[in-house]
Amino acid sequence: MVYLEKLNAVWNYALLTLSNGDVITFGQACSALLFLALALIFGRHLTRLLGRRLQRNRVDPNAIQTIVRLFFWVFAILVFITTMGMLQIPITHLAFISGAVAIGVGFGAQNIINNLISSWILMSEKPVRIGDFIEIDDHQGVVERIGNRSTRIRRVDGVHLLVPNSQMLERVVVNWTLVDLQIRSTVKVGVAYGSPVERVAELILEAATSHGRVLADPAPVVTFEDFGDNALIFDLYFWCEAGSAGGLRTIRSDLRFTIDRLFRQHGIVIAFPQRDIHFDTSRPLEIRMQPAKPEPPAAGGNR
């Protein structure tokens, strides 16, 4: 009985007295904290189940992330209000929390709030979406997740890059797949001087039109670009559907293989750096012999 009385005294020990006379006891605080922890754990589990269910229904990943995040925050607000009700604290008495938040913002939380707001802007305006292939600074990769603080990007070399959400809005971001997957690219070819230029252009165009991933509309175009130092320069401009830099490199490689094969079949030489030396044969060539240089004495030999 003595232990029960002591336990009851601790459980009903007054921790805080509110301005309206209500008292928050140790037992109420423990119950509220336990409820808050269990509710948040349950909310996390519930949001995961919701996300999996939406994925099974093949909902857009960007919509899934927005719905799941909105659901969790609404659930967290309801849990917070319920916890305050368990402690018998009116919401109107929480004015001091807004002041504390304002002080926190002034002392360094502005970056966190800036990134949080930026995440909602990214998900609402969708300049960058999950699955997009983007380029920021010197990095290229696919967007995997837009979190509360940062955006996770998987680079082309497999390394994950975390970029603060505010920088995704403030910096120049090249989104290769924002509207569609169509990308224009160029393949440069140099042939030897004396090659039939019209036939060269026809073969390059044949290589482009025979490729299955080169679009017919807009049609590929071959231009005679320049008279180079060692070659006649031709440029092939074409449009294709490539969702990443790796896919674009593969298409350009296929085109170069095809162009090389067609050129060899028709006897057209792809140019390489070279120099031609011409002798003036209008008079006999003068040849002068230089005397050989004496060899230095061997080390340690007689002088």
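Our structure is the block above this text.
Residues numbered from 1 in each chain as written. Predicted model: local features only at pLDDT ≥ 70, side-chain atom pairs only at ≥ 80, totals over all residues. Heavy atoms only, no water.

Caption draft 1: Quick peek at the sheet that holds strand S6 (residues 160-164). The strand order S6-S5-S4-S3-S7 describes an open sheet built from five strands, whose pairing is antiparallel. Here the strands that pair on one side only, and so sit at the sheet edges, are S6 and strand S7 (173-175). In this sheet, adjacent strand axes meet at a mean angle of 40° when their direction is disregarded. Bridge count for strand S3 (residues 133-136) against strand S4 (residues 139-146) is four bridges, and the pairing is antiparallel. From the neighbouring strand, Ile-136 faces S4, where its bridge partner is His-139. (Pairing = 2+ DSSP bridges. Helix = DSSP H or I, 4+ residues; strand = E, 2+ residues; numbered from the N terminus. Axes fitted to C-alpha atoms, helices over the stretch in contact; angles between N-to-C directions.)

Caption draft 2: View of the pairing of strand S9 (residues 221-227). Looking at chain direction, S9 and strand S10 (residues 232-241) are connected through six bridges and run antiparallel. For Phe-224, the partnering residue across the bridge sits in S10 and is Phe-234.

Caption draft 3: Looking closely at the pattern of salt bridges. Taken as a whole, this structure holds seven salt bridges when the rule is applied. A salt bridge links Arg-129 to Asp-132, with the shortest nitrogen-to-oxygen separation between them at 3.1 Å. For Asp-235, the salt bridge identified is with Lys-188, shortest N-O distance 2.9 Å. Taken as a pair, Asp-235 in strand S10 and Lys-188 in strand S8 (residues 182-191) lie far apart in primary sequence, 47 residues in all. A relative accessible area of 53% places Lys-188 in the exposed class. (Salt bridge = Lys/Arg side-chain N within 4 Å of Asp/Glu carboxyl O. Buried < 20%, exposed > 50% of the residue type's maximum accessible area, 1.4 Å probe, protein only.)

Caption draft 4: Summary view of the pairing of S10. S10 sits mainly inside the fold: seven of its ten residues count as buried. Two strands pair when backbone bridges link them, and S8 and S10 are joined in this way by ten bridges, in the antiparallel orientation. Among the inter-strand pairings, Arg-184 is bridged to a residue of S10, identified as Trp-239. Connecting the antiparallel pair S9 and S10 is a turn made up of four residues.

Caption draft 5: Representation of helix H6 (residues 197-209). Look at H6: 18 Å from first C-alpha to last across 13 residues, which is about the 18 Å you get at 1.5 Å a residue. Among the residues of H6, Val-200, Leu-203, Ile-204, Ala-207 and Ala-208 are the ones counted as buried. The buried residues of H6 all sit within an arc of 140° when viewed along its axis, so they share a single face. Facing away from the buried side of H6 by over 90 degrees, the exposed positions are Glu-198 and Thr-209. (Expected span 1.5 Å × (residues − 1). Arc of directions from axis to C-beta.)

The analysis is restricted to geometry; functional conclusions fall outside its scope.
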